[in-house]
Amino acid sequence: MRLSFLEPLYTEPGPYASVYLDTSRDVEHPEREIALRWERLRESLSRQGADRALTNVLEEVVGTDAEVPGAHGQAIFAAHSTLVLDGELPKPLEHDSARYSTLPDAMPLVIQHLPEIPYLAVVVHYGGLPTAETHGWVELEAETGTWPTSTVTPGERLRHRVAVATWHRTCVRLGHRLDERARRAHADAVVVGGDEWACNVLLRRLPHTLRDKTVRVGGPTPTHTGRALLEPQLDGVFRGRMAAHDRELVDIFIGRRALNGPVAEGLAATVTALQRGQVAALLLNRPPGSSPRLWVGSQPTQLALTDAELTSFGVRAPREERADEALVRALVGTRAELVVVPESELRLYEGMGALLRYADPEIPS
């Protein structure tokens, strides 16, 4: 997974206020509920040392996602009275949280983006009798997205309505338009739902490259929910699945490790590679919690297992921080990717490994 969406987060130096807030509108009095939740978080930030100017900046954007229906949340970050990032959460966290710290608490937002699978969703509705051009119609809607974040940030839709009698020949042209959209989105899958007859006609006329990626789904297919097309079905299709791009990185890691190629494994080796800007992709069996700690300096590549190591590099006044916060900053700062892979597919030493951009030069014996 690419972490470029987090780059605005580090445009300001710390300390940062990091807020995760349930802003769901599927409760009886949503605005009052959100205001109460925010009040508790603002008090927490004040106790941690955040000033009023900073909390006021956050308050200006709390609940501004009112157009998003259903269950969801906000991830809001500010530093030095400046809003640096306001992101949507496809699902609210189990508990709201507010943290005032030297580094932003970004890992919960990263987790909400996983596994970041690009897709194309297609819904076909049919009305009337397929006997004559005046007796019925077929309507197609299509939307590209990246699961799961696009469930609350749906993209632009393609809409096309035709007479039933012309559906067979129109599908050929529509199939090429869908193929073009899927290619632009680098879609891993094409999820298709709706009327069985109309879907079957469409699927038989799709280009082979698109047909091979198609997943048929059943169930209700409303198109005016304000959320992603086929949202309830997308969860069943993609849960437990890795993005094809991430799967490719895992396969490269396995191949390189077998040949003693340019990879690192374990916390110490991976941190050393991050110090050098050597990591192309960090592989984790699970996202680190808040317990592991690393020592950091002011720059993304200034991280180490001990303060003495950083001091030896000339870093003044190193400080101990949460490993998840230090690792995310290092990945964003060096434009490295992140892949979370289950242990059942790849067991990593200490749960961590890295694909390297280059191998260390061999020292002559």
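This is a predicted model, so every value here is computed, not measured. (Residues numbered from 1 in each chain as written. Predicted model: local features only at pLDDT ≥ 70, side-chain atom pairs only at ≥ 80, totals over all residues. Heavy atoms only, no water.)

Enquirer: Explain the overall build of the protein chain here, please?
Expert: Helices and strands together make up the secondary structure of the protein chain, namely eleven helices and 16 strands. Dimensions of the protein chain, computed from C-alpha atoms along their principal axes, come out at roughly 80 × 65 × 30 Å. Here the protein chain holds 365 residues, and the buried ones make up 48% of them. For the protein chain, the computed accessible surface area is about 17400 Å², with 51% contributed by carbon and sulfur atoms. Within the protein chain, one finds 40 positive and 49 negative side-chain charges whose respective centroids are separated by 5 Å. (Helix = DSSP H or I, 4+ residues; strand = E, 2+ residues; numbered from the N terminus. Buried < 20%, exposed > 50% of the residue type's maximum accessible area, 1.4 Å probe, protein only. Areas by Shrake-Rupley, 256 points an atom, 1.4 Å probe, with all protein chains shown as cover. Lys, Arg positive; Asp, Glu negative; His and termini not counted. Charge placed at Lys NZ, Arg CZ, Asp CG, Glu CD.)

Enquirer: What's the story with the packing of helix α1 (residues 30-48) against helix α2 (residues 52-61) in this structure? I'm lost.
Expert: Between two packed helices, what matters for the description is the angle formed by their axes and the separation of those axes. At a minimum axis distance of 10 Å, the contact between α1 and α2 shows a crossing angle of 160°. In this view, α1 runs roughly antiparallel relative to α2, as classed from their interaxial angle. Remark: the crossing between α1 and α2 carries right-handed chirality. Contact residues: α1 offers Trp38, Arg42 and Leu45, while α2 offers Thr55, Leu58 and Glu59. (Axes fitted to C-alpha atoms, helices over the stretch in contact; angles between N-to-C directions. Parallel < 35°, antiparallel > 145°, perpendicular 65-115°, else oblique. Left-handed = near helix turned anticlockwise from the far one by under 90°. Contact = heavy atoms within 4.5 Å.)

Enquirer: Explain the sheet that holds strand β4 (residues 97-101) here, please?
Expert: Adjacent strands of a sheet pair through backbone hydrogen bonds, lying either parallel or antiparallel. Spatially, four strands are ordered β3-β2-β1-β4 in an open sheet, and the strand pairing comes out antiparallel. Of all the strands in the sheet, the pair left with one neighbour each is β3 (82-89) and β4. When the angles between neighbouring strand axes are averaged without regard to direction, this sheet yields 10°. By the bridge criterion, seven bridges tie strand β2 (residues 73-79) to β3 in an arrangement that is antiparallel. Paired with Gln74 across the two strands is Glu88, which belongs to β3. Across the face of the sheet, α2 comes into contact with β1 (16-22), β2, β3 and β4 while running at roughly 150° to β2. (Pairing = 2+ DSSP bridges.)

Enquirer: Explanation requested: the sheet that holds strand β9 (residues 214-216) in the structure shown.
Expert: With respect to topology, five strands assemble into an open sheet ordered β7-β6-β5-β8-β9, the strand pairing being mixed. Each end of this open sheet is capped by a strand with a single partner; those strands are β7 (157-163) and β9. Across this sheet, the average inter-strand angle for adjacent strands is 20°, counted without regard to direction. Across the sheet, helix α5 (residues 196-204) touches β5 (117-128), β6 (136-147), β8 (189-194) and β9, and the angle it forms with β5 is around 125°.

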